[in-house]
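Examination of the molecular architecture
Residues per chain are reported as follows:
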Amino acid sequence: MKMSAAEISQVLKEGELEKRSDNLLQFWKRKTCVLTTESLNIYADTQKRSKGKELKLQSIKKVDCVERTGKFVYFTIVTTDNKEIDFRCSGEDNCWNAVIMMALIDYQNRKAIQDFKTRQDNESASPGQQERRMARSP
């Protein structure tokens, strides 16, 4: 899964994370990750040649359960369908959890502004409806 030029120019962080597998034994597997302004892309290899998994920021509810041990920082990404994905990164690394959280907040702010502007445009396009609302106001 090659990233487009637009996606590459919007890279916020790139590097290694360990992801806990979903199977019964729950091994930690090293992944190459690329965080952009729109998604977290997770690859099995460092060259990003393998088919990656794209976790869009719109599908992330929150970054949760941050715990520091001597060697690692552990955190959980909770998706909008309440799936929990566990990650860990080296405590020495500029940790991913804060960068992902900031990207998520930035994404949510951009979406809120876009939604507000869309609502304003819709209201200004139909002035008769605006007058009816004003007439109903106390």
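Please refer to the structure higher up on the page.
Overview of the structure.

Let's shift gears to the pattern of salt bridges. Inspection of the entire model under this criterion finds eight salt bridges. Here Asp86 and Arg20 are joined by a salt bridge, their closest N and O atoms 3.3 Å apart. Within this pair, whereas Asp86 is found in strand β7 (residues 84-90), its partner Arg20 is found in strand β1 (residues 11-20), the two being separated by 66 residues in sequence. For Asp86, a relative accessible area of 21% puts it in the partly exposed group. Where salt bridges share partners, they join Glu38, Asp106 and Arg110 into one cluster.

Working note: regular strand, side chains alternate between the two faces of the sheet. Sheet topology places β1 next to strand β2 (residues 28-36); nine bridges connect them, and they run antiparallel. For Gly15, the partnering residue across the bridge sits in β2 and is Cys33. One ladder, built from four bridges, connects β2 with strand β3 (residues 39-43); its direction is antiparallel. Residue pairing in the sheet places Thr32 in a bridge with Tyr43 of β3. Linking two consecutive strands that pair antiparallel, namely β2 and β3, is a turn of two residues.

Cut-off values and rules
- Residues numbered from 1 in each chain as written.
- Predicted model: local features only at pLDDT ≥ 70, side-chain atom pairs only at ≥ 80, totals over all residues.
- Heavy atoms only, no water.
- Salt bridge = Lys/Arg side-chain N within 4 Å of Asp/Glu carboxyl O.
- Helix = DSSP H or I, 4+ residues; strand = E, 2+ residues; numbered from the N terminus.
- Buried < 20%, exposed > 50% of the residue type's maximum accessible area, 1.4 Å probe, protein only.
- Pairing = 2+ DSSP bridges.

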